[in-house]
Amino acid sequence: MGTIFFVLAALQCALLLFLYRVGSRLDREERKQAPQRAHWPRTGLIVPAGGTHPRMREALESLLRQDYPNLYPVIVTATADEPAADIARELQGRYPQLRHVVAGPAKGCGQKNHNSLKGVAAVEDDVELLAFCDSTHIAPHDFIRRLVAPVVDGEDFSTGYHKVVARDAGIVTMAYALCVQLMRYLQGISSFTQLWGGAMCFRLSAFRRYGVRDFWQTNVVDDCSLAERLIRRGARIRLSGDAVLTTEAQAHELDVWRHWMDRQILFLKFCIPYQWVLLGVLACLMFLPFLWAACAVLGALLGKLSFGWLVGALAYAAVLALVLRGWARFQEAVYPVWRWVLAFAASACMFVCVYLRSILAEGVLWQGIWYEVGRNGRVIRMRRQKR
């Protein structure tokens with residue numbers, strides 16, 4: 001048992017150290033100068049918007065203030081009377097190039113997919129590239145240039161990602177930031193790179209050639225299921241490591257964090273099953289060393305285990321703290337390393353709990369709509385919750 005503990009603890013720390021090195025590379029890419037090109041193609045910027053996020057107006061304005069010369073922005077809402085639609089109309093008064101499209105309710109696919117397709121229909125006669133962004137993350141002024149640069153250089157698809165900046169030392173806030181950090185670093189490994197719906201760019205010709213429109217019309221989600229389809233058909237997805245949106249988290253709520261993790265894991269289960277299985281292995285690797293370390297400390301204090309177990313558990317905690325101190329270097333605020341260790345432990349526990357819940361799940365709840373999902377993310381049934 002002791003050997004298993006030390007092997008798993010070593011593997012966990014080695015993986016986190018490897019991902020730290022990936023993060024260091026991504027951090028260097030993010031800091032480099034924005035790309036310059038002689039010609040920037042006409043690009044449609046499609047932003048599906050919904051919900052009541054407190055920073056939506058600021059996030060949308062950051063996308064409308066881009067220093068990209070040929071941008072055709074479209075905000076798409078499901079209805080004309082939701083809060084996001086009010087924000088869109090307000091912004092149209094200050095940004096005359098902005099279009100607002102009311103998509104109507106989705107039937108047979110995710111509402112975000114439906115909104116995105118309505119946005120495509122509004123601009124596809126005028127543009128060469130399609131960029132898709134979420135409505136809740138803050139974009140630097142040169143973000144679109146960074147996102148589309150690989151496609152301008154000849155790729156068919158590129159993707160960016162986001163980082164969460166923890167604005168308080170709450171364990172849930174910090175744990176959420178660590179989860180997104182982990183996912184971003186995994187994106188930095190070429191074999192794990194896939195589209196992220198919050199920031200992706202397609203060549204319009206590739207959008208048509210690969211049948212994205214038809215695929216989205218029956219699918220629950222816009223990114224991971226499409227990424228699997230594209231990879232199977234030989235397409236390459238290029239990560240724009242310097243195209244990074246910012247999500248600020250403060251007083252993050254436990255239920256919000258759990259529902260977010262639910263979706264991340266369930267989308268993989270329904271869309272890329274083998275990655276969902278690998279995710280289960282990763283969940284065990286993140287959780288079991290913590291479990292055994294806690295048992296070792298408790299057993300040693302109660303006299304049930306030898307003193308060596310206590311020394312081993314404390315050595316593991318010290319090494320983990322050193323690695324997480326490196327991870328914390330990429331956060332804007334400085335918090336004590338022991339809080340990052342606690343946040344990481346909370347993440348590991350939540351990871352396992354949510355993963356176990358996903359095993360028997362047959363659908364996913366997303367923005368008030370329950371989707372029953374079949375193979376490859378295909379929507380079987382959908383039900384809107386009563387408000």
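Reference entry: report on the structure contained in this document. Note that this is a predicted model, so its numbers are computed, not measured.

## Let's talk about the pattern of salt bridges
What the rule picks out here adds up to 31 salt bridges. Linking Glu-248 and Arg-167 is a salt bridge whose minimum nitrogen-to-oxygen distance equals 2.9 Å. Separated by 81 residues along the polypeptide, Glu-248 in strand E7 (residues 237-249) and Arg-167 in the loop between strand E5 (157-166) and helix H6 (171-187) bring together distant segments of the chain. Here Asp-255 makes a salt bridge to Arg-258, at a shortest N to O gap of 3.9 Å. Here Arg-258 and Asp-255 lie together in helix H10 (residues 254-271), a separation of three residues that amounts to about one turn. Classification of Arg-258 by relative accessible area gives partly exposed; the value is 22%. Each member of the salt-bridge network shares a partner with another, and the members are Arg-55, Glu-58, Arg-167, Glu-248 and Glu-332.

## Some details on the packing of aromatic side chains
Inspection of every chain in the model, using the stated rule, returns 21 aromatic pairs. Measuring from ring centre to ring centre gives 4.9 Å for Tyr-161 and Trp-196, while their planes differ by 50°; the resulting arrangement is tilted. In this pair, Tyr-161 sits in strand E5 while Trp-196 sits in the loop between H6 and strand E6 (199-203), placing the two residues 35 residues apart along the sequence. Per residue, the accessibility class of Tyr-161 equals that of Trp-196, and both read buried. Put simply, the rings of Phe-5, Phe-6, Phe-290, Trp-309, Tyr-316 and Phe-344 touch in pairs and so form one group of aromatic residues. Lying across the ring of Trp-276, Lys-269 places its NZ or CZ 5.6 Å from the centre.

Definitions and limits used
- Residues numbered from 1 in each chain as written.
- Predicted model: local features only at pLDDT ≥ 70, side-chain atom pairs only at ≥ 80, totals over all residues.
- Heavy atoms only, no water.
- Salt bridge = Lys/Arg side-chain N within 4 Å of Asp/Glu carboxyl O.
- Helix = DSSP H or I, 4+ residues; strand = E, 2+ residues; numbered from the N terminus.
- Buried < 20%, exposed > 50% of the residue type's maximum accessible area, 1.4 Å probe, protein only.
- Phe/Tyr/Trp six-rings, centres within 6.5 Å; stacked < 30°, edge-to-face > 60°.
- Lys NZ or Arg CZ within 6 Å of the ring centre and 35° of its normal.

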